[in-house]
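Listed below are the residues making up each chain.
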Amino acid sequence: MSAPTPLPRSPVVLREGRWWLVGRAGSIPASDPAFTAVLDDFAQVMAAADRAVADLRARLSTSSVPDAGGQR
């Protein structure tokens, strides 16, 4: 059994390959194919963005560029 994967800042969770809408009263499976396709696409984009940010942070931490005094 795989651990639930929440979509950040949203009331949906991916559990064992199926999207669930989660609320205070409980959860229900998302069954609309168009909606779940959008969730799949959004999750992929979020994962790619997270990887890009992590990669950028790694490159910046190993960069030989002198510190700009904390300014961005």
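Residues numbered from 1 in each chain as written. Predicted model: local features only at pLDDT ≥ 70, side-chain atom pairs only at ≥ 80, totals over all residues. Heavy atoms only, no water.

Caption draft 1: Here's a closer look at a nonpolar patch on the surface. Taken together, the side chains of Leu21, Ile28 and Phe35 make up a nonpolar region of the molecular surface, amounting to roughly 250 Å² of accessible area. By the element assignment, Phe35 lies in helix α1 (residues 33–61). (Patch = residues over 30% accessible without salt bridge, like charges linked within 9 Å, V, L, I, M, F, W, Y side chains within 5 Å. Areas by Shrake-Rupley, 256 points an atom, 1.4 Å probe, with all protein chains shown as cover. Salt bridge = Lys/Arg side-chain N within 4 Å of Asp/Glu carboxyl O. Helix = DSSP H or I, 4+ residues; strand = E, 2+ residues; numbered from the N terminus.)

Caption draft 2: Up close: the pairing of strand β3 (residues 18–23). Pairing of strand β2 (residues 12–15) with β3 involves four bridges; the strand directions are antiparallel. Note that in β3 the partner of Leu14 across the bridge is Trp19. In textbook terms, the turn of a hairpin is the stretch between consecutive antiparallel strands, and for β2 and β3 this stretch comprises two residues, one of which, Glu16, has a positive phi near 50 degrees. Alignment of β3 against strand β4 (residues 26–29), held across four bridges, turns out to be antiparallel. Within β4, the residue paired with Gly23 across the bridge is Gly26. (Pairing = 2+ DSSP bridges.)

Caption draft 3: Examining unusual backbone geometry more closely. Despite not being glycine, Glu16 shows a phi value in the positive range, around 50 degrees. One can find Glu16 in the loop between β2 and β3.

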